[in-house]
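Per-entry structural report
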Amino acid sequence: MAGVTFRNVVKRFGNTSVIKGITIEIADKEFLVFVGPSGCGKTTCLRMLAGLEEVTEGEILIGDRIVNNVAPKDRDIAMVFQSYALYPHMTVYENMAFGLRLRKTPKNVIDERVREAAKSLGIEHLLDRRPRQLSGGQRQRVAVGRAVVRNPSVFLMDEPLSNLDAKLRVEARAFISKLHQRLGTTFVYVTHDQTEAMTMGTRICVLNAGEVQQLDSPYVLYHNPRNIFVAGFIGSPAMNFFDATLRESDGNLIVDTGVFNLVIPQVKAVPYRAHIGKKVVLGVRPEDMHDVDYQPPGITPSPIESSVEVIEQMGNEIILYLEEGGKQFVARVDPRTTARIGNRLGMVINIDNVHIFDTETTLSLGYEHKREQIAAEAKARAKVH
Ligand code: ATP
């Protein structure tokens, strides 16, 4: 078992910098997810860790050992690829045993490990089949099984669920999370899917254009995003953004979007006061916009009005696509809402949860201020779950 460290790691392909100097510490037994849009460098990070790609600058450590020049087979890792990469002419048993055979593991040990892994993965009845005789979900389990039998210090997974349909993906997510809990091994997992990242990761590293945007627990990323990129990437439907100006009126701080004004109460205005007069971006999550008649208790409401353009019934909630003053936005509201397409709807925004970003730097102005409180909330929740 081992943690993983990226120390000032740079990767260039020719003259193009793909990873621009990242430093990350992944603790032993952690489930760390690299998430980000296509081309941001997630797979390159994983491949460098696996030894399939050279590190241009910096160091990668597994445990205390610098592995830059260690061959992949000597890194004590096992990787599950998006394609599964199963050998079609071999049975499930042979596929799972292959890596151990290469390492000259005694036959009886191989047999014991393969059967034990197959049992725990629920595929022991498939051991004599070939990959083409399996469903997508079964193949995925075989690919995981092949990694499990190796008993590595670190599991690397590159989009292992992307070939599965939506229902199987949800099942496989839970299955991999359970596997992580049971094995107690370090997992490093790559996905472009923020839901996968949020549901599986103990911590998530949000990458964009080869740079770490934020590395935090799912709770912190969601409630205290460091910049506009993270705020927009994490959460579905995505956060609404409004260009705005901060101004002061009668001692109150006003976020003026040109479409509506939010009055920020004195106690909450502290991190923003220094920015009065500046252009900012207001961020509001869809779940922080409520039908005025069905607002939850305990929030700090600020009224707005808008026209209802589209209504999506989700059963337990309703997604509204709204428009006001030429600006479109999305709200996730109580299913009892009386919203009708084409009608005006009275709404409130919960000021307690809004985010305000500097337009120029894209950084959250409240990030440092909220940091301790959100971290404490995350810790309290971690104890409960
Ligand atoms: P995706 O989600 O689409 O797989 P990713 O975040 O995993 O994307 P990478 O595969 O790590 O992205 O690629 C990062 C960047 O590096 C991309 O712009 C890609 O085109 C480039 N790249 C990757 N491999 C090579 C290579 N062998 N030669 C040149 N450029 C490469």
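For the structure itself, look to the data block above.
Residues numbered from 1 in each chain as written. Predicted model: local features only at pLDDT ≥ 70, side-chain atom pairs only at ≥ 80, totals over all residues. Heavy atoms only, no water.

A count of helical and extended segments in the chain gives nine helices and 20 strands. In terms of principal-axis extent, the alpha carbons of the chain reach across some 80 × 45 × 40 Å. With 385 residues in all, the chain has 49% of them scored as buried. For the chain, contacts bridging at least 24 residues in sequence account for 66% of all contacts bridging at least 6. Within the structure as shown, the chain displays about 18300 Å² of accessible surface, and the carbon and sulfur contribution to it stands at 49%. Taking the 47 positively charged and 45 negatively charged side chains of the chain as two groups, their mean positions are separated by 8 Å. (Helix = DSSP H or I, 4+ residues; strand = E, 2+ residues; numbered from the N terminus. Buried < 20%, exposed > 50% of the residue type's maximum accessible area, 1.4 Å probe, protein only. Contact = heavy atoms within 4.5 Å. Areas by Shrake-Rupley, 256 points an atom, 1.4 Å probe, with all protein chains shown as cover. Lys, Arg positive; Asp, Glu negative; His and termini not counted. Charge placed at Lys NZ, Arg CZ, Asp CG, Glu CD.)

The subject of this paragraph is the sheet that holds strand 1 (residues 4–13). Here four strands make up an open sheet; going across it, the order is 2-1-4-5 and the pairing antiparallel. Single-partner strands in this sheet number two, and they are strand 2 (16–26) and strand 5 (65–66). The pairing of strand 1 with strand 4 (residues 57–62) spans five bridges and is classified as antiparallel. Within the sheet, the bridge partner assigned to Phe6 lies in strand 4 and is Ile60. (Pairing = 2+ DSSP bridges.)

Here the focus is the packing of aromatic side chains. Across all of its chains, the model carries nine aromatic pairs by this definition. Where Phe31 meets Tyr189, the ring centres are 5.7 Å apart and the plane angle is 45°; that geometry is what we call tilted. Taken as a pair, Phe31 in strand 3 (residues 31–35) and Tyr189 in strand 8 (residues 186–191) lie far apart in primary sequence, 158 residues in all. Across the pair, exposure class does not vary: Phe31 and Tyr189 are buried alike. (Phe/Tyr/Trp six-rings, centres within 6.5 Å; stacked < 30°, edge-to-face > 60°.)

So, on to the site of the ligand. All residues adjacent to the ligand are Phe13, Val18, Pro37, Ser38, Gly39, Cys40, Gly41, Lys42, Thr43, Thr44 and Glu159. Contact between the ligand and Lys42: an oxygen atom at 2.8 Å from a side-chain N or O atom of the residue. Within the side chain of Thr43, an N or O atom sits 2.8 Å from an oxygen atom of the ligand. Coverage of the ligand by the protein amounts to 54% of the 630 Å² it exposes when considered alone. (Near = heavy atom within 4 Å. Polar contact = N/O pair within 3.5 Å; in protein donor to acceptor, adjacent residues only side chain to side chain.)

Judged by nonpolar contacts, the single largest core of 46 residues is most densely connected at Met96, Val114, Ile176 and Tyr189. Here Met96 is in contact with Val114, Ala117, Ala118, Ile123, Leu127, Val142, Gly145, Arg146 and Val149, once residues within four sequence places are set aside. (Core = buried A, V, L, I, M, F, W, Y, C linked by side-chain atoms within 4.5 Å.)

A word on the sheet that holds strand 13 (residues 261–264). With antiparallel pairing, the five strands of this open sheet are ordered in space as 13-12-11-14-20. This sheet does not close on itself; its edge strands, each paired only once, are strand 13 and strand 20 (355–358). Sheet twist, expressed as the mean angle between neighbouring strand axes with direction ignored, is 35°. (Axes fitted to C-alpha atoms, helices over the stretch in contact; angles between N-to-C directions.)

For Asn350, the location among the structural elements is in strand 19 (residues 344–350). On the basis of relative accessibility, which here comes to 5%, the residue Asn350 falls in the buried class. With near-sequence residues (within four places) excluded, Asn350 lies in contact with Asp288, His290, Ile299 and Thr300.

For the bond running from Ser236 to Pro237, omega is -5°, close enough to zero to count as cis. Structurally, Pro237 is set in the loop between helix 8 (228–233) and strand 11 (240–249). The phi angle at Lys29 is positive, at roughly 75°, despite the residue not being glycine. Residue placement: Lys29 occurs in the loop between strand 2 and strand 3. Overall, the relative accessible area of 43% leaves Lys29 in the partly exposed class.

Take the state of the cysteines next. Per the counting criterion, the structure on display carries zero disulfides. Cys40 takes part in no disulfide bond, and the closest cysteine sulfur, belonging to Cys45, lies 7.8 Å away. In this structure Cys205 is a free cysteine whose sulfur lies 7.1 Å from that of Cys45, the closest cysteine sulfur available. (Disulfide = S-S within 2.5 Å.)

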